[in-house]
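# Descriptive structure summary
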Amino acid sequence: MPPYPGPGAAEPQAATGSPYPAAEPQAQAVAPEGWFRDEAPAAQAPVQAPVQAPAADWREASADPGSAAEQTAYLPPQAAAEQTAFLPPYPGSAAADAPGTGTRTGTGPGPGEPAPGADGEEPAYSPPTLGGNTVRAVDPAQARAEGRSPVIDPGPQPAILTAALGLLLAGAAAVGELALLGPLIVLQALTAAGWFRLNGMWPARQGIALAFLGALVADAAVLAVDETYGPGAIIGTLGAWVLLTLVLQLRSHADPDERMYGLMASVASAALAIVCAGYLAADSAAVSVGAAAVAVAVFTRALPLPTPVSVGVSLAAATGAGIAVGGLTPVGVGGALLGLAAGVCALIGLRVAAYDYPSKFVHMTAGVALPLAAAAPAVYLIGRVVG
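Residues numbered from 1 in each chain as written. Predicted model: local features only at pLDDT ≥ 70, side-chain atom pairs only at ≥ 80, totals over all residues. Heavy atoms only, no water.

### Observations regarding the overall build of the protein chain
Along its length, the protein chain carries 12 helices and 2 strands. Taken from the N to the C terminus, the helices and strands of the protein chain come in the order α-β-β-α-α-α-α-α-α-α-α-α-α-α. Counting all 387 residues of the protein chain, 35% fall into the buried class. Counted over contacts in the protein chain with a minimum sequence separation of 6, partners at least 24 positions apart contribute 70%. Carbon and sulfur atoms provide 64% of the accessible area of the protein chain, an area that totals close to 22,000 Å². (Helix = DSSP H or I, 4+ residues; strand = E, 2+ residues; numbered from the N terminus. Buried < 20%, exposed > 50% of the residue type's maximum accessible area, 1.4 Å probe, protein only. Contact = heavy atoms within 4.5 Å. Areas by Shrake-Rupley, 256 points an atom, 1.4 Å probe, with all protein chains shown as cover.)

See the structure below:
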């Protein structure tokens, strides 16, 4: 800092090469009358404020250890993309399955999204869809709050698979029990896996394996006993598996609520998979009629028709399929009642598989298996009546 020039001295000039303009002279402060009164004329001259010339360069100023440039913290500005927040996905969804998913609440691009173009326009984002997703598209509570139904029908692809599996069961039943065992095991595996995923419990390998093992034990029990004791073998296996599932859940260290939820899902999955063994206990002609009726009902339900019309047409088609296949078997005209009962059970199972915004995995497992699994008790009971 240059020395104080003193009264009457010339104003200092700006340093050579300074990027700043020359400082304007400060306003003169005149001492009031009577202050610093002295006999010398120079002492009575107006007091002038000191003027400090700016530094020649900001680098020279920052080189000074005591300069204000080093004592000031520099905070870089944050871009809008860094301020974008993402909300976590709906739990239990698979989503939960796929990392990096969430709801965009900022203006910047999210993880894995393309940046805006050079022209400054925002990139186009595809709208959310309800079909073909591997996670739940919308929270069911949000759907109900908006007045929309949380039910999505499986669609034509699972219907085609169900029809193919039903026709395979119908054809294998006409061949014999051992031929029927192959497609039946596939049906039981799809039932066990699809029910757990429908309840939002995934992965649940132990529960799926336990339910599938119970189905295999029921199949072996039905094949081992006489035809008359087939229902007793199924009921006995179901009771033993309920007790086994209860014991395993009591040994779990999960919370009581989660333990109860897992117990109910495990018991329901095992029950549905074991009940499918009713196709082995039923008469082969009844199995052919019932499985064919389920195949026709589910395929007709997938046609693009209004819901009341689609349900009526599906039941009528199932009844017609029962009459047609019953005419080729000893069931006869009783196939109409058997086909109608199997069609009603199939539509109930299809409705269950469509509940609560299920994923595509649920549609390809529970959506395929539940119509046939739900019709197994009706095939056995109505088959005994009309046979």
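Following the structure, the description resumes.
### What about the packing of helix α4 (residues 177-198) against helix α12 (residues 360-386)?
Their axes nearest at 8 Å, the elements α4 and α12 cross at an angle of 125°. Considered as vectors, α4 and α12 are oriented oblique to each other. Crossing geometry of α4 relative to α12 is assigned as left-handed. Contacts between α4 and α12 involve Leu187, Leu190, Thr191, Gly194, Trp195, Arg197 and Leu198 from the first element and Phe361, Val362, Met364, Thr365, Ala366, Val368, Ala369, Leu370, Leu372 and Ala373 from the second. Each residue belonging to the contact of α4 with α12 can be placed in one class, and the counts come to 13 nonpolar, 3 polar and 1 charged. (Axes fitted to C-alpha atoms, helices over the stretch in contact; angles between N-to-C directions. Parallel < 35°, antiparallel > 145°, perpendicular 65-115°, else oblique. Left-handed = near helix turned anticlockwise from the far one by under 90°. Nonpolar A, V, L, I, M, F, W, Y, C, P; charged D, E, K, R; others polar.)

### Digging into the pattern of salt bridges
Think of it this way: side chains of opposite charge can pair up when their charged atoms draw near. Scanning the model with the defined rule gives 1 salt bridge in all. Of the charged contacts, one joins Arg301 and Asp153 as a salt bridge, the two residues approaching to 3.9 Å between their closest N and O atoms. Of this pair, Arg301 sits in helix α9 (residues 284-301) while Asp153 sits in the loop between α2 (140-145) and α3 (156-175); the two residues are 148 residues apart in sequence, bridging distant segments of the chain. Given the relative accessible area of 15%, Arg301 is considered buried. Since its relative accessible area comes to 41%, Asp153 is described here as partly exposed. (Salt bridge = Lys/Arg side-chain N within 4 Å of Asp/Glu carboxyl O.)

### A look at helix α10 (residues 307-328)
For α10, spanning 22 residues, the distance from its first C-alpha to its last is 32 Å, which sits close to the expected 32 Å at 1.5 Å a residue. Among the residues of α10, those classed as buried are Ser310, Ser314, Ala318, Ala321, Gly322 and Gly326. Projected down its long axis, α10 carries its buried residues within an arc of 130°, all on one side. Structural note: α10 exposes Pro308 and Gly327 on the side pointing more than 90 degrees away from its buried face. Buried residues along α10 sit in contact with α9 and α11 (335-353). (Expected span 1.5 Å × (residues − 1). Arc of directions from axis to C-beta.)

### As for the nonpolar core
Judged by nonpolar contacts, the single largest core of 58 residues is most densely connected at Leu180, Leu187, Val222, Tyr279, Val287, Val294 and Leu372. Beyond its immediate stretch of four places on either side in the chain, Tyr279 contacts Leu180, Leu184, Leu187, Val287, Leu372, Ala375, Ala376 and Val379. Counting residues in each nonpolar core, the second largest holds 6 residues, with Leu198, Ala353, Val362 and Ala366 among its members. (Core = buried A, V, L, I, M, F, W, Y, C linked by side-chain atoms within 4.5 Å.)

### Overview of the side chain of Asp219
Within the secondary structure, Asp219 sits in helix α5 (residues 205-224). Salt bridges are absent for the buried Asp219, whose nearest opposite-charge side chain, Arg384, sits at 16 Å. If near-sequence neighbours (up to four positions away) are discounted, Asp219 is found in contact with Leu181, Leu184, Ile185, Gln188, Ala277 and Leu280. (Lys, Arg positive; Asp, Glu negative; His and termini not counted.)

### Some thoughts on a nonpolar patch on the surface
A cluster of nonpolar side chains, contributed by Ile160, Phe299, Leu303, Leu305, Val309 and Val313, occupies part of the molecular surface with about 490 Å² of accessible area. Along the polypeptide, Val309 turns up in helix α10. Residue classification places Val309 among the partly exposed positions, given a relative accessible area of 43%. (Patch = residues over 30% accessible without salt bridge, like charges linked within 9 Å, V, L, I, M, F, W, Y side chains within 5 Å.)

### Remarks on the packing of α3 against α4
A pair of packed helices is characterised by two quantities: the angle between their axes and the separation of those axes. Running from N to C, α3 and α4 cross one another at 155°; their axes reach a closest spacing of 7 Å. Classified by the angle between their axes, α3 and α4 sit roughly antiparallel to one another. Classified by chirality, the crossing of α4 by α3 is left-handed. For the pair α3 and α4, contact is made by Leu165, Leu168, Leu169, Ala172, Ala173 and Val175 and by Ala179, Leu180, Pro183, Leu184 and Leu187, respectively. For the contact of α3 with α4, the class distribution of residues is 11 nonpolar, no polar and no charged.

### Some details on the environment of Leu187
Note on placement: Leu187 falls in helix α4. According to the relative accessible area criterion, Leu187 is buried, its value standing at 0%. Remark: the alpha-carbon pair of Leu187 and Thr365, spanning 178 residues in sequence, is separated by 9.0 Å. Look past the residues within four positions of Leu187 in its chain and what remains in contact with it is Leu165, Leu169, Cys276, Tyr279, Ala369, Leu372 and Ala373.

### Overview of a negative patch on the surface
A contiguous patch of negative charge, built from Glu177, Asp226, Glu227 and Asp283, is present on the exposed surface. Tracing the chain through its elements places Glu227 in the loop between α5 and α6 (230-250). Here Glu227 falls in the exposed class, since its relative accessible area comes to 56%. (Charge placed at Lys NZ, Arg CZ, Asp CG, Glu CD.)

### Describing the confidence of the model for the protein chain
Chain-level statistics for the protein chain give a pLDDT mean of 74 and a share of 61% at 70 or above. For the protein chain, per-element mean pLDDT is lowest for strand β2 (residues 103-104), which scores 43, and highest for α9, which scores 95. pLDDT under 50 marks residues 10-16. Its contacts with residues more than four places away, or in other chains, come to 7 contacts. Scored below 50 in pLDDT, residues 112-138 makes 38 contacts in the model with residues more than four places away or belonging to other chains. (pLDDT = per-residue confidence, 0-100.)

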